[in-house]
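# Descriptive structure summary
Here is how the chains run, residue by residue.
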Amino acid sequence: MDSKTTNSLIGGLLAIAFVMAVGFAIFTGYINRGGLSESSKWNIYVNSISAGTILGEAKNQKVQIDNNKLSAVFLATLSSPGDEINYAVEVKNAGTLDAKIDNVILNGDNQNIEYKYSGTEKGDIIKAGQSKVFTITMSYNKNVKQQVSTKLNMLLSCVQNN
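This text gives an overview of the structure that appears in the document. Owing to the predicted nature of the structure, the values given are computational and were not obtained by experimental measurement. (Residues numbered from 1 in each chain as written. Predicted model: local features only at pLDDT ≥ 70, side-chain atom pairs only at ≥ 80, totals over all residues. Heavy atoms only, no water.)

Time to look at the overall build of the protein. Across its full length, the protein holds one helix and eleven strands. Taking all 162 residues of the protein together, 29% fall into the buried category. Of the contacts formed within the protein by residues at least 6 apart in sequence, a portion of 73% connects residues at least 24 apart. Only carbon and sulfur atoms are counted for the fraction: they give 51% of the accessible area of the protein, which is about 10200 Å². (Helix = DSSP H or I, 4+ residues; strand = E, 2+ residues; numbered from the N terminus. Buried < 20%, exposed > 50% of the residue type's maximum accessible area, 1.4 Å probe, protein only. Contact = heavy atoms within 4.5 Å. Areas by Shrake-Rupley, 256 points an atom, 1.4 Å probe, with all protein chains shown as cover.)

Okay, here's the thing in structure tokens:
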């Protein structure tokens, strides 16, 4: 083989290797139009919970966000029919991926109390860097005539928004 053919073969192999390296980098996310990209980060959590509107003789006893930061315990005393307490729950998306509310599960321990949430629903999007506030309400059944204490467990479930 002469040197011209050898140089052409080496140049062709180098071009193929370069195209393969660039293709690999693009498909694995290391290169974008702006230069090096950051890796994606999932970081969604309950940032805060505060007692809001209280009707009647209702009393907030305690609210505690669990260590996993996706569940919480609410303790309250409702004294008479019509008592109600609302909690504002702030969910923060401190990650780089948009999140979608998958479910909010409420497990209360007293059948005389109605537990509900409003201001969010399955499929709601929390964009990266943003927060969403929704309301949890505990209300005393108007047909019951005794003072009750109640415990509510909340579990928030989110998934990546594709």
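A separate point is the pattern of salt bridges. Counted under the stated rule, the structure contains three salt bridges. With a closest N to O distance of 3.7 Å, Asp-124 and Lys-132 form a salt bridge. (Salt bridge = Lys/Arg side-chain N within 4 Å of Asp/Glu carboxyl O.)

Right, let's get into the environment of Glu-57. Of note, Glu-57 is situated in the loop between β3 (44–55) and β4 (59–65). For the pair Glu-57 and Ile-85, spaced 28 residues apart in the sequence, the C-alpha separation amounts to 9.4 Å. Excluding residues within four positions of it along the chain, Glu-57 makes contact with Thr-77, Ser-79 and Asp-83.

This part takes up unusual backbone geometry. Its identity as a non-glycine residue notwithstanding, Lys-69 has a phi of 60 degrees, on the positive side. Tracing the chain through its elements places Lys-69 in the loop between β4 and β5 (71–78).

These figures come from the coordinates and say nothing about function on their own.
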